[in-house]
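Summary of structural features
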Amino acid sequence: MHVGLEEQFNRTSSEFELDEIKSELANIRNILLKKGYDVDEFVHYQQLYKTMTIGEYAEFIKTLE
């Protein structure tokens, strides 16, 4: 979800939409921090997402469960 919002942020030019997306991105980051997720691992997954198809990434995520 975070990566999708980042991509939408990069394509959006509406100031109102940018503010909404920034707010949602911050909300996701806060949830991750509150739940104690490893931020470095999260950044690594973001980078991987950009190199894989959606199907490949979905299969990769299943291996982490």
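Residues numbered from 1 in each chain as written. Predicted model: local features only at pLDDT ≥ 70, side-chain atom pairs only at ≥ 80, totals over all residues. Heavy atoms only, no water.

**Here's the deal with the nonpolar core**
With 5 residues, the main nonpolar core is built from Leu5, Ile21, Leu25, Ile28 and Leu32. With 4 residues, helix α2 (residues 15–34) is the single largest residue contributor to this core. Other than its neighbours up to four places away in sequence, Leu5 contacts Ile21, Glu24, Leu25 and Ile28. (Core = buried A, V, L, I, M, F, W, Y, C linked by side-chain atoms within 4.5 Å. Buried < 20%, exposed > 50% of the residue type's maximum accessible area, 1.4 Å probe, protein only. Helix = DSSP H or I, 4+ residues; strand = E, 2+ residues; numbered from the N terminus. Contact = heavy atoms within 4.5 Å.)

**What to know about the confidence of the model for the protein**
The share of residues in the protein with pLDDT of 70 or more is 98%, and the mean pLDDT across the chain is 82. Averaged pLDDT values over the elements of the protein bottom out at 78 in helix α1 (residues 2–11) and peak at 86 in α2. (pLDDT = per-residue confidence, 0-100.)

**Regarding the packing of helix α3 (residues 39–49) against helix α4 (residues 54–64)**
Running from N to C, α3 and α4 cross one another at 150°; their axes reach a closest spacing of 10 Å. As summarised for this structure, α3 and α4 are arranged roughly antiparallel, according to the angle between their axes. Between α3 and α4, the contacting residues are Tyr45, Leu48 and Tyr49 on the first element and Ile54, Tyr57, Phe60 and Leu64 on the second. Residue composition of the contact of α3 with α4, by class: 7 nonpolar, no polar and no charged. (Axes fitted to C-alpha atoms, helices over the stretch in contact; angles between N-to-C directions. Parallel < 35°, antiparallel > 145°, perpendicular 65-115°, else oblique. Nonpolar A, V, L, I, M, F, W, Y, C, P; charged D, E, K, R; others polar.)

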